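Listed below, chain by chain, are the residues.
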Amino acid sequence: MDKKKIEEAVRLFLEGIGEDPAREGLVDTPARVSAMCDEIFGGYEKNAAIPLAKTFTSETTDMVVEKDIQFYSVCEHHLLPFFGKISIGYIPGDKVVGLSKLARTVEVYARRAQIQEKLTAEIANAIQKELNPKGVIVLAKAEHMCMSMRGVSKPGTTTVTYKTTGVFDTDNSLKELFFKMIGV
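Scoring rules and cut-offs
Residues numbered from 1 in each chain as written. Predicted model: local features only at pLDDT ≥ 70, side-chain atom pairs only at ≥ 80, totals over all residues. Heavy atoms only, no water. Buried < 20%, exposed > 50% of the residue type's maximum accessible area, 1.4 Å probe, protein only. Helix = DSSP H or I, 4+ residues; strand = E, 2+ residues; numbered from the N terminus. Pairing = 2+ DSSP bridges. Contact = heavy atoms within 4.5 Å. Axes fitted to C-alpha atoms, helices over the stretch in contact; angles between N-to-C directions. Core = buried A, V, L, I, M, F, W, Y, C linked by side-chain atoms within 4.5 Å. Polar contact = N/O pair within 3.5 Å; in protein donor to acceptor, adjacent residues only side chain to side chain. Expected span 1.5 Å × (residues − 1). Arc of directions from axis to C-beta.

Asks: For the pairing of strand E3 (residues 81–91), give the residues involved together with the corresponding values.
Replies: For E3, a buried count of eight out of eleven residues is recorded, marking the element as mostly surrounded by other parts of the structure. Pairing analysis gives ten bridges linking E3 to strand E6 (residues 135–144), with the strands arranged antiparallel. The partner of Gly89 across the bridge, within E6, is Ile137.

Written out as structure tokens, the structure reads:
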């Protein structure tokens, strides 16, 4: 991440909206925003294969579900936050992954500028690729500040997306079971 470019961009932005970047309350803002970018856009420097590599042999063929993983991301169209919860289900092949690794996988992709549809698909595809389960389903529910605080200005509106792979593509009873397990 190029912190100097970020700081200069913030200074130009502040000038562009009519502010004085040298004003006492704003003088350190470019550095603060640059430091914040390390955190909220840190997913670019991470690879989902790393947390998903820690697997365990398992005899189970029943669905594994991790429900309501809180996430925060940034809309690539307006650079405003969207946030919510993601639930993941998968039918193991011969391996399962530590449950915290599913949450870490969410963080890898959520910490990038993007759209919710892509976030949902990236998580499902990474789990499918790395664990080779019989199938994966990922459901994301989020509020988007680009809808809540600007434009149409409809706070509280929730966007829901989901992505399936493998047996979840063809077996509607598995999808229904997943939705029931997560309370949808």
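More follows now that the structure is in view.
Asks: Quick one: what's the story with the sheet that holds strand E2 (residues 64–75), residue by residue and with numbers?
Replies: Pairing is mixed in the open sheet, where five strands are placed in the order E5-E2-E3-E6-E7. Of all the strands in the sheet, just strand E5 (113–114) and strand E7 (159–166) have a single pairing partner and so form its edges. Pairing geometry for E6 and E7, over eight bridges, is antiparallel. Residue pairing across strands places Val138 opposite Lys163, the latter belonging to E7. Against the sheet, helix H8 (residues 172–182) contacts E2, E3, E6 and E7, and its axis sits at roughly 45° relative to E6.

Asks: Provide a residue-level description of the nonpolar core, including the pertinent values.
Replies: Counting residues in each nonpolar core, the largest one holds 30 residues, and the members touching the most others are Phe71, Ile86, Ile88, Tyr90, Leu119, Ile123 and Ile127. Counting only elements with at least two residues in this core, the list comes to E2, E3, strand E4 (95–97), helix H4 (99–110), helix H5 (116–131), E6 and helix H6 (145–148). It is H5 that contributes the most residues to this core, six residues altogether. Setting aside anything within four residues of it in sequence, one finds Ile127 in contact with Leu52, Ile88, Leu102, Asn132, Pro133 and Val136. Met63, Ile91, Ile137 and Phe168 belong to the second largest nonpolar core, which has nine residues in total.

Asks: Outline the side chain of Gln116, supporting the account with residue identities and numerical values.
Replies: Positionally, Gln116 belongs in helix H5. Within the structure, Gln116 has its side chain in polar contact with the backbone oxygen of Ala140 (distance 3.1 Å). At 2.6 Å, the side chain of Gln116 and the side chain of His144 are in polar contact. Non-local contacts of Gln116, meaning those with residues more than four positions away in its chain, are made with Phe82, Ala140, Lys141, Ala142, His144, Thr159, Val160 and Thr161.

Asks: Describe the environment of Asp2, with residues and values.
Replies: Topologically, Asp2 is positioned in the segment before helix H1 (3–16). Judged by its relative accessible area of 38%, Asp2 falls in the partly exposed class. For the pair formed by Asp2 and Glu19, sequence separation is 17 residues and the distance between their alpha carbons is 23 Å. There is a polar contact of 3.1 Å between the side chain of Asp2 and the backbone nitrogen of Lys5.

Asks: Could you give an account of H1, with specific residues and numbers?
Replies: Across its 14 residues, H1 extends 20 Å between first and last C-alpha, which sits within 8% of the 20 Å expected from 1.5 Å per residue. Within H1, the full set of buried residues consists of Ile6, Glu7, Val10 and Leu14. Angularly, the buried residues of H1 cover 100° about the axis, an arc narrow enough to put them on a single face. Away from its buried face by more than 90 degrees, H1 exposes Lys4, Lys5 and Gly16.

Asks: I'd like to hear about unusual backbone geometry, residue by residue, with values.
Replies: At Leu79, a residue that is not glycine, the phi angle is positive and equals roughly 55°. For Leu79, a relative accessible area of 58% corresponds to the exposed category. Positive phi is not limited to glycine here, since Asn132 has a value of about 50°. For Asn132, the position within the fold is in the loop between H5 and E6. Overall, the relative accessible area of 56% leaves Asn132 in the exposed class.

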